[in-house]
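If you want the building blocks of each chain, they are given just below.
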Amino acid sequence: MSQTFVRDPDLCVITCAVTGVLANRKQCPGIPYTPEEIGEECRRAYEAGASVVHIHARHEDGTPTFDPKVFARIKEEVVKRCPILLNFSTGTILEDVSEQCTYITESRPHIAALNMGTMNYSKYSENRKQFVFDMVFPNTYAKIIKLLEAMNAAGVKPELECFDTGHTHGIWPLLDMGVLEKPLQFSFIVNVLGGIPPLVESLQLQTKIMPPGSEWEVIGISKSGWRMIGAALALGGNVRAGLEDNIYLPSGEMARSNGDLIEVAARMVRDCGRKVATVEQAKQILALDQIKPRTASTAKQASIPS
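Attention here is on the structure that accompanies the text. (Residues numbered from 1 in each chain as written. Predicted model: local features only at pLDDT ≥ 70, side-chain atom pairs only at ≥ 80, totals over all residues. Heavy atoms only, no water.)

### Comments concerning the nonpolar core
Across soluble globular proteins, nonpolar side chains have a tendency to be buried as a group. Where we set the bar: Buried Ala, Val, Leu, Ile, Met, Phe, Trp, Tyr and Cys residues form a nonpolar core when they are joined through side-chain atoms within 4.5 Å. Relative accessible area decides the class of each residue, using a 1.4 Å probe on protein chains only: under 20% of the type maximum gives buried, over 50% gives exposed, and in between gives partly exposed. By definition in these notes, contact holds between two residues if any of their heavy atoms fall within 4.5 Å.
If you look at the biggest cluster of nonpolar residues, it comprises 72 residues, and the most contacted ones within it are Val53, Ile55, Ile104, Phe186 and Leu203. In contact with Ile104, not counting residues within four places along its chain, are Thr90, Pro109, Ala112, Leu147, Ala150, Met151, Ala154 and Val156. Grouped together as the second largest cluster of nonpolar side chains are 12 residues, Leu11, Val279, Ala282 and Leu288 included.

### Quick look at the pairing of strand S11 (residues 185-190)
The following threshold applies: For the purposes of this entry, the term helix denotes a DSSP run of H or I that reaches at least four residues, the term strand denotes a run of E that reaches at least two, and both are numbered from the N terminus. Each pair of strands is called paired provided DSSP finds at least two bridges between the two strands. Seen with its strands pointing away from the viewer, a crossover is right-handed when the path leading from the first strand over the helix to the second is clockwise.
For S11, the tally of buried residues reaches 6 of 6 residues, placing the bulk of the element in the interior. In this sheet, S11 lies alongside strand S10 (residues 157-162) in parallel orientation, the contact comprising 4 bridges. Note on S11: the bridge partner recorded for Leu160 is Phe186. Taken together, the 6 bridges between S11 and strand S12 (residues 215-220) define a ladder with parallel strand orientation. Note that in S12 the partner of Phe186 across the bridge is Trp216. Between S11 and its parallel partner S12, the chain crosses via helix H7 (residues 200-209), and the hand of that crossover is right-handed.

### Focus on the pattern of salt bridges
Note the following rule: Every case where a carboxyl oxygen of Asp or Glu lies within 4 Å of a side-chain nitrogen of Lys or Arg is listed as a salt bridge.
By the definition in use, this model includes 16 salt bridges. Between Arg240 and Glu244 there is a salt bridge; the shortest N-O distance is 3.8 Å. We classify Arg240 as buried; its relative accessible area is 4%. Between Arg256 and Asp260 there is a salt bridge whose closest N-O contact spans 3.1 Å. Judged by relative accessible area, Arg256 falls into the exposed class, the value being 65%. One network of salt bridges, in which partners are shared, links Glu40, Arg43, Glu47, Glu77, Lys80 and Arg81.

### With respect to the packing of helix H8 (residues 224-235) against helix H9 (residues 258-271)
Inclusion rule: Only the contacting stretch of a helix is used when fitting its axis, a line to C-alpha atoms as for every element, and angles between N-to-C directions run 0 to 180 degrees. The handedness criterion is simple: a crossing whose near helix is rotated anticlockwise from the far helix by less than a right angle is left-handed, and one whose near helix is rotated clockwise is right-handed. We call Asp, Glu, Lys and Arg charged. Ala, Val, Leu, Ile, Met, Phe, Trp, Tyr, Cys and Pro are nonpolar, and the rest, Gly among them, are polar.
As a packed pair, H8 and H9 sit with axes 10 Å apart at the nearest point and diverge in direction by 35 degrees. Once H8 is placed against H9, the crossing between them reads as right-handed. Touching Trp226, Ile229, Gly230 and Leu233 of H8 are Leu261, Val264, Ala265, Met268 and Val269, all from H9. Among the residues making up the contact of H8 with H9, the classes are represented as 8 nonpolar, 1 polar and no charged.

### Focus on the side chain of Thr92
Checked against the element boundaries, Thr92 lands in the loop between strand S6 (85-88) and helix H3 (98-107). Under the relative-accessibility criterion, Thr92 is labelled buried at 5%. In contact with Thr92, not counting residues within four places along its chain, are Phe66, Val97, Gln100, Phe137, Pro138 and Lys143.

### Remarks on a nonpolar patch on the surface
Definition in use: Exposure above 30% relative accessible area and the lack of any salt bridge qualify a residue for a patch; like charges then connect within 9 Å, and the nonpolar side chains Val, Leu, Ile, Met, Phe, Trp and Tyr within 5 Å. For every accessible area listed, the method is Shrake-Rupley and the probe measures 1.4 Å; residues are considered covered only by the protein chains on display.
A surface patch of nonpolar side chains, about 270 Å² in accessible area, is lined by Ile93, Leu94 and Met135. As for its position among the elements, Met135 is in strand S9 (residues 130-137).

### Remarks on the sheet that holds strand S3 (residues 52-55)
Taken in spatial order, the 8 strands line up as S2-S3-S6-S7-S10-S11-S12-S13 and close into a barrel, and their pairing is parallel. Neighbouring strand axes in the sheet, compared pairwise and without regard to direction, differ in orientation by 25 degrees on average. Sitting on the sheet, helix H2 (residues 68-79) is in contact with S3 and S6, with an inclination near 160 degrees to S6.

Shown next, in the form of structure tokens:
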């Protein structure tokens, strides 16, 4: 990070998660599917105050896809509409991450999300007394390293997605190997069954475990999202909102678009006495200009003490 840059603690980077892979239009009509629709939602999020968009890709019927050509089209549609920073998801339950590595190296988003550990990933319905879905989300170190090497080669910043404290603590071998470099950017996901609960204490513990000087944001799933955004704002973190995380406004009304959700998040930032970061400020805060393409051999050299 530039020596002349001093992090203003009042600045808050708002990320918008415009469309996930689980919710569909039967649940929320505003969820975008096509690259054009995703581009429009990114524009709405940008105009409402977001400086970063987190992106999954879908087929036109709403089913998920990892096709590098679709990610390239999404980038094209977003860039023509606004200058927002792109964060591409790499999450998959499969061990093969070749498609993810391809769209990272070909499309070169500013940031790529990186899941940092294996976990039970489930949703339970108290009304039905049964699981809506129940699976293992495998993220071995071998899988993580493949993705990191692609990010390093492309000059893409990894965003470390940690669903539990072990994920946060478990980064140290990657730092020791040199495939991961400081300054780091974390996302602490709360309220996913199998991960850490949606408590202020959860965020406090995660921020104690992460290396000093790291940037972090909260990702609060479902109704807890708004409370956890408030907690992160009080603790000095950045925030994420969007139709991937929570389709409802604080009033209980369903959001019509991502713009509706980001407007609330931006208002919360200002109401807490903090300031919404611009795209240029977010670039500085996340040290994106510091990221340069590097090879695996360069990373290994960097990790060997002189």
